[in-house]
Amino acid sequence: DVKVTQSSRYLVKRTGEKVFLECVQDMDHENMFWYRQDPGLGLRLIYFSYDVKMKEKGDIPEGYSVSREKKERFSLILESASTNQTSMYLCATTGSTEAFFGQGTRLTVV
Amino acid sequence: QQQVKQSPQSLIVQKGGISIINCAYENTAFDYFPWYQQFPGKGPALLIAIRPDVSEKKEGRFTISFNKSAKQFSLHIMDSQPGDSATYFCAAEGSTLGRLYFGRGTQLTVWP
C-alpha cells in the first residue's frame, strides 16, 4: 500500500509565524504536490516537484515556499502565516497515472 | 482560470437512484480523466478513470461517459447508496506528467 504521511492532522498557529508542513511518501515516486482545499473552490495546486531540489509554482504559490531535499520528503513552508491561509492542506504523489493523497493537515491561523 | 468545470456543486439523491456529475474542459491536450472520491477526514482517492480513446468505462456501479467532441465527461453512480455520500472531484491531466487539474467538487448526499 502506498503511504503518504503528513506530519500533523491539526495545527493552530499565530499570525506571522513561520509554519512548516511535512509530507513523506514511501513509494519512491518522483512527483510530489501540495494542494490547498477550501469549500467551493476544490483542490488548488500550490507547488509541485518532479525531482529532488526541483520545484515548480502551481496556481496559488503566493505566500508559500517549498523544500525537497530528499526524494521522499516534500515540505510546504508558510513564511509568515496569515488568517487567509487557514485551510486544509493536502500532499500528494503520483506514479504513472494515479495520485495518492495524504490525509490532510487542517491549519488554523489565529 | 478554471481548467475543468464541474457541476453541480451539491447533489442529493435518494437511495437506489442515479447520481450524475458533469465536467467540461477546454484544453485538448488533456488525455487522462480521473474521478476522485473523498470522505470526510480523508484525502481524495482514485475512483475510476478514462482515456479519450473510449466513450465509456464501467466499474461496478460507477460509469464514466466521455464525449470528446463536446469536451465533456460525466460520472454516473447507479443504485446510489448512503455509503456513496462523499465529495467527488473530476480531474484532467495532459502533457505535464502527474499534474492534475481538478474541478471544484460535488458534495453528494444519498438519503436512505
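Rules behind the numbers
- Just so you know, the residues in each chain are numbered from 1, in the order the chain's sequence is written.
- Naming scheme: in the order in which they are written, chains are lettered from A and ligands are numbered from 1.
- Thresholds applied to this predicted model are a pLDDT of at least 70 for local features of residues and 80 or more for the giving and counting of side-chain atom pairs; totals over whole chains, interfaces and linings are not thresholded and use all residues.
- Based on all heavy atoms of the structure, the side-chain values leave hydrogens and waters out of the count.
- Here, residues are in contact when the closest pair of their heavy atoms is within 4.5 Å.
- As a working definition, buried area equals the accessible area (1.4 Å probe) given up by two parts on being put together, with both sides summed.
- Any carboxyl oxygen of Asp or Glu within 4 Å of a side-chain nitrogen of Lys or Arg constitutes a salt bridge here.
- Any pair of nitrogen or oxygen atoms within 3.5 Å is treated as a polar contact; in protein, a donor-acceptor pairing is required on top of that, and neighbouring residues in sequence qualify only through side-chain atoms on both sides.
- We count a stretch as a helix when DSSP gives it H or I for four or more residues in a row; a strand needs E for two or more, and each element gets its number in order from the N terminus.
- Throughout, exposure labels follow a simple rule: accessible area from a 1.4 Å probe, protein chains only, divided by the maximum for the residue type, with under 20% read as buried, over 50% as exposed, and the rest as partly exposed.
- Here a cavity denotes grid points, spaced 1 Å and computed from the protein atoms alone, that fit a 1.4 Å probe unable to get out, and a pocket denotes an open set having protein on both sides within 12 Å along at least 5 of 7 lines; residues with an atom within 4 Å of a point are the lining.
- Grid points are joined across faces, edges and corners, and a volume is the space filled by probe spheres set on the points.
- Residue polarity is assigned by list, with Asp, Glu, Lys and Arg as charged and Ala, Val, Leu, Ile, Met, Phe, Trp, Tyr, Cys and Pro as nonpolar; anything else, Gly included, falls into the polar class.

J.: Looking at this model, I keep getting lost on the interface of chain B and chain A. Mind explaining?
T.: Taken together, the contact between chain B and chain A spans 20 residues of the former and 23 residues of the latter. Interface of chain B and chain A: buried area, both sides summed, is about 1700 Å²; carbon and sulfur atoms make up 52% of it. On the surface where chain B and chain A come into contact, there are one salt bridge. For arginine 99 of chain B, the salt bridge identified is with aspartate 59 of chain A, shortest N-O distance 2.8 Å. Where chain B touches chain A, the interface holds four residue pairs in polar contact (both at pLDDT 80 or more). At the level of elements, strand S4 (33–38), strand S9 (86–93) and strand S10 (100–102) of chain B are the ones that each hand at least two residues to the side of chain B that touches chain A.

J.: What is the right way to look at the pattern of salt bridges in this model?
T.: When the charged atoms of two side chains with opposite charge come close together, those side chains can pair. Residue and element names in this part refer to chain A. Applying the stated criterion across every chain, the model contains nine salt bridges over all chains. The closest approach of N and O atoms between glutamate 79 and lysine 18, which form a salt bridge, is 3.6 Å. One end of the pair, glutamate 79, is in the loop between strand S8 (73–78) and strand S9 (87–94); the other, lysine 18, is in the loop between strand S2 (10–13) and strand S3 (19–25), with 61 residues separating them in the sequence. Among the residues examined, lysine 18 registers a relative accessible area of 46% and is labelled partly exposed. The residue lysine 71 makes a salt bridge to aspartate 28 at a minimum N-O spacing of 3.2 Å.

J.: I tried to follow the layout of surface pockets on my own but got confused; where do I start?
T.: The space that makes up the largest pocket amounts to roughly 540 Å³. Along the wall of the largest pocket there are 23 residues; nearest its centre are Gln37 and Pro39 of chain A together with Gln38, Thr87 and Gln107 of chain B. Take the lining of the largest pocket: its biggest share by element is three residues, from S9 of chain B. Within the lining of the largest pocket, the residues separate by chemical class into six nonpolar, 13 polar and four charged. Its volume calculated, the second largest pocket comes out at about 330 Å³. Lining the second largest pocket are 19 residues, and of these Val4, Phe101, Gly102 and Gln103 of chain A together with Gly43 of chain B lie nearest its centre. Here the residues of the lining of the second largest pocket are counted per class, giving eight nonpolar, seven polar and four charged.

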